[in-house]
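Residue-level structure breakdown
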Amino acid sequence: MILTVTANPALDVSYRVDKLRPGHTHRIGAVFERAGGKGFNVSRVLHDQGVPTRALGPVGGILGDSLRADLLDAGLPHDLLPVAAATRMTIAVVADEATMFNEPGGPLSAFDWSRLHDLVRSYLPRAEVLVCSGSLPLDAPDESYADFVALAAEFRVPTVVDVGGAPLRAAAQAGVAIVKPNAEELAAAVDDDDPLVGARELRSLGAEAVVVSLGADGLLAATPDGEWRATLPRPVVGNPTGAGDAAVAALADGLRRGLTWPERLRLAVTWAGAAVAAPLAGTVDPDVLRDLYDQVDIAPA
């Protein structure tokens, strides 16, 4: 199975409005609530695609109870660790595009970090891939995901990490199998705006492969087998909030199945595009999924 860790979960709330106007009162057309955080979204996509997965993460407070109830209702295999820190909320206001409001999340105590490590360790003997995805809680060490990379290596389990800045750099130095930042997260880690230069730097630090989300411009990959760009035949209109998580899910599944890098990238950019067309993060539009797969362009970077 693919094991996912969401260190900083959230209750995701999406509001749909006709138009976003700062300083004005808005009437909400539709409200969606679900357990969120990048790792949970990754597991949702995998679960919907029939890939065995289990989602792990720390939760606390009233919103933590809401996350647990939502995952149970979705039938998503999970194991949530009760902690003292209250679970946060994220709000997406979707009009022509999505505007995000993300709470930071409460800090985890050293004791709770240790308990989370023990929980992950207990599942690693059954895992084929570990995914660590999303922001870290307040005051968490930059090496938090790097520590999970090292822990998984003890069990010969490869790790995929989706995070930005210093934690991304630390994961690369830990010898992670794949990192999947977006262009902004990558620039914050390497101090260079050129994504290919940044991807090569992370590989020089120890990451086996680097896949960079470029939004509507697809994915850029620097791997042991070559460097490629993967692009869709046309832009997909919708909510891009969960596109990166769908790409991570595809990369993890491709790693699990031993696909070639061009095959992994084709899968990743297709799942990402199908996620944009879906109403909520953690889902993909099946019609768009079927339509896009054979039309993806894979070219040398």
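Comments concerning the packing of aromatic side chains
Under the criterion given, the structure shown has zero aromatic pairs. The ring of W261 has R264 lying over it, and the distance from NZ or CZ to the ring centre is 4.6 Å. Here the basic side chain of R266 rests over the ring of Y293, its NZ or CZ set 5.8 Å away from the ring centre.

Re the sheet that holds strand β8 (residues 129-133)
With mixed pairing, the ten strands of this open sheet are ordered in space as β5-β4-β1-β8-β9-β10-β11-β12-β13-β14. With partners counted over all chains shown, the strands left at the sheet margins are β5 (78-82) and β14 (297-300), one partner each. Of the pairings in the sheet, the one linking strand β1 (residues 2-5) to β8 comprises four bridges and is parallel in character. The residue bridging T4 from the neighbouring strand is V131, located in β8. Where helix α9 (residues 261-277) meets the sheet, it contacts β10 (178-179), β11 (209-213), β12 (219-223), β13 (226-231) and β14, and its direction lies at approximately 25° from that of β13.

What to know about the pairing of β11
Counting buried positions over the five residues of β11 gives five, a clear majority of the element. Where burial is concerned, the two faces of β11 agree: the one with A209, V211 and S213 and the one with V210 and V212 are both buried. Inspection of the sheet shows β10 paired to β11 by two bridges, in the parallel sense. When the sheet's bridge partners are listed, I178 is paired in β11 with A209. Looking at chain direction, β11 and β12 are connected through four bridges and run antiparallel. Bridging across to β12, S213 finds its partner in L219.

With respect to the pattern of salt bridges
Overall, the coordinates contain twelve salt bridges when judged by the stated rule. Note that E154 and R121 form a salt bridge whose closest N and O atoms lie 3.3 Å from each other. Here E154 is found in helix α4 (residues 144-154), whereas its partner R121 is found in helix α3 (residues 110-123), with 33 residues between them in sequence. Judged by relative accessible area, which is 37%, R121 ranks as partly exposed. Put simply, R200 and E227 hold a salt bridge, and the shortest N to O gap is 2.8 Å. Note that R200 is positioned in helix α7 (residues 195-205) and E227 in strand β13, a separation of 27 residues in sequence. By relative accessible area, which is 25% here, E227 ends up partly exposed. Within the structure, one salt-bridge network assembled from shared partners comprises E128, D253, R256 and R257.

Focus on helix α8 (residues 243-257)
Since the α-helix packs 3.6 residues into each turn, any two residues three or four apart lie on the same face. Taking 1.5 Å of rise per residue, the 15 residues of α8 would be expected to cover 21 Å, and the 21 Å separating its terminal C-alpha atoms lies within 8% of that figure. Counting buried positions along α8 gives 13 out of 15 residues, so the element sits mostly inside the fold. In the segment just after α8, G258 is the residue with positive phi, at about 70°.

Quick word on the packing of α8 against α9
It is at 7 Å that the axes of α8 and α9 come closest, and there the two elements cross at 150°. Comparing the axis directions of α8 and α9 gives the class roughly antiparallel. Where α8 crosses over α9, the handedness of that crossing is right-handed. Contacts between α8 and α9 involve A243, A246, A247, A249, A250, L251, D253, G254, L255 and R257 from the first element and W261, R264, L267, A268, W271, A272, A275 and V276 from the second. Tallied by class, residues from the contact of α8 with α9 come to 14 nonpolar, one polar and three charged.

Side note on the nonpolar core
Membership of the largest hydrophobic core comes to 45 residues, with the highest contact counts inside it found for L3, V120, L124, L130, F148, V161 and V179. In contact with V161, not counting residues within four places along its chain, are C132, Y145, V149, A171, V176, I178, V179 and K180. If you look at the next biggest cluster of nonpolar residues, it comprises 41 residues, including I2, V131, A250 and L265.

Parameters at a glance
- Residues numbered from 1 in each chain as written.
- Predicted model: local features only at pLDDT ≥ 70, side-chain atom pairs only at ≥ 80, totals over all residues.
- Heavy atoms only, no water.
- Phe/Tyr/Trp six-rings, centres within 6.5 Å; stacked < 30°, edge-to-face > 60°.
- Lys NZ or Arg CZ within 6 Å of the ring centre and 35° of its normal.
- Pairing = 2+ DSSP bridges.
- Helix = DSSP H or I, 4+ residues; strand = E, 2+ residues; numbered from the N terminus.
- Contact = heavy atoms within 4.5 Å.
- Axes fitted to C-alpha atoms, helices over the stretch in contact; angles between N-to-C directions.
- Buried < 20%, exposed > 50% of the residue type's maximum accessible area, 1.4 Å probe, protein only.
- Salt bridge = Lys/Arg side-chain N within 4 Å of Asp/Glu carboxyl O.
- Expected span 1.5 Å × (residues − 1).
- Parallel < 35°, antiparallel > 145°, perpendicular 65-115°, else oblique.
- Left-handed = near helix turned anticlockwise from the far one by under 90°.
- Nonpolar A, V, L, I, M, F, W, Y, C, P; charged D, E, K, R; others polar.
- Core = buried A, V, L, I, M, F, W, Y, C linked by side-chain atoms within 4.5 Å.

Note that every value here comes from positions in space, so none of it alone points to a role or purpose.
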